[in-house]
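# Close look at the chain arrangement
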Amino acid sequence: MNFTSLDKTRARNAAKMIRAGLGAVDPAAAVELIKHWPKTGVRKGVVAGYLPVGTEIDPRALMGALADAGHDLAL
């Protein structure tokens, strides 16, 4: 399926509206990410992360846990 830039913009705007309706993101939401990280048996690897902007979930707790587990992080 090919998405146009207009489709992507509409989807992005719809997601922003949903997040705005939810209010502030609970900091504990990032910790929940750790529980859902796949248990692949891989002990080391490179994992990309991001610094949150606006209402995005803050993944820094997950990133810290991954670093503690031996993964290299890319920001």
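Refer to the preceding data block for the structure.
Everything in this summary refers to the structure shown in the same document. (Residues numbered from 1 in each chain as written. Predicted model: local features only at pLDDT ≥ 70, side-chain atom pairs only at ≥ 80, totals over all residues. Heavy atoms only, no water.)

### Examining the side chain of histidine 71
- Structurally, the position occupied by histidine 71 is in the loop between helix 3 (60–68) and strand 2 (72–74).
- Among the polar contacts listed, one links the side chain of histidine 71 to the backbone nitrogen of glycine 45, at a separation of 3.3 Å. (Helix = DSSP H or I, 4+ residues; strand = E, 2+ residues; numbered from the N terminus. Polar contact = N/O pair within 3.5 Å; in protein donor to acceptor, adjacent residues only side chain to side chain.)

### Some remarks on helix 3
- Looking only at helix 3, the buried set comprises Leu62, Met63 and Leu66. For helix 3, the arc enclosing every buried residue in end-on projection is 100°, short of the 170-degree limit, so these residues lie on one face.
- Backbone geometry just after helix 3 places glycine 70 at a positive phi near 105°. (Buried < 20%, exposed > 50% of the residue type's maximum accessible area, 1.4 Å probe, protein only. Arc of directions from axis to C-beta.)

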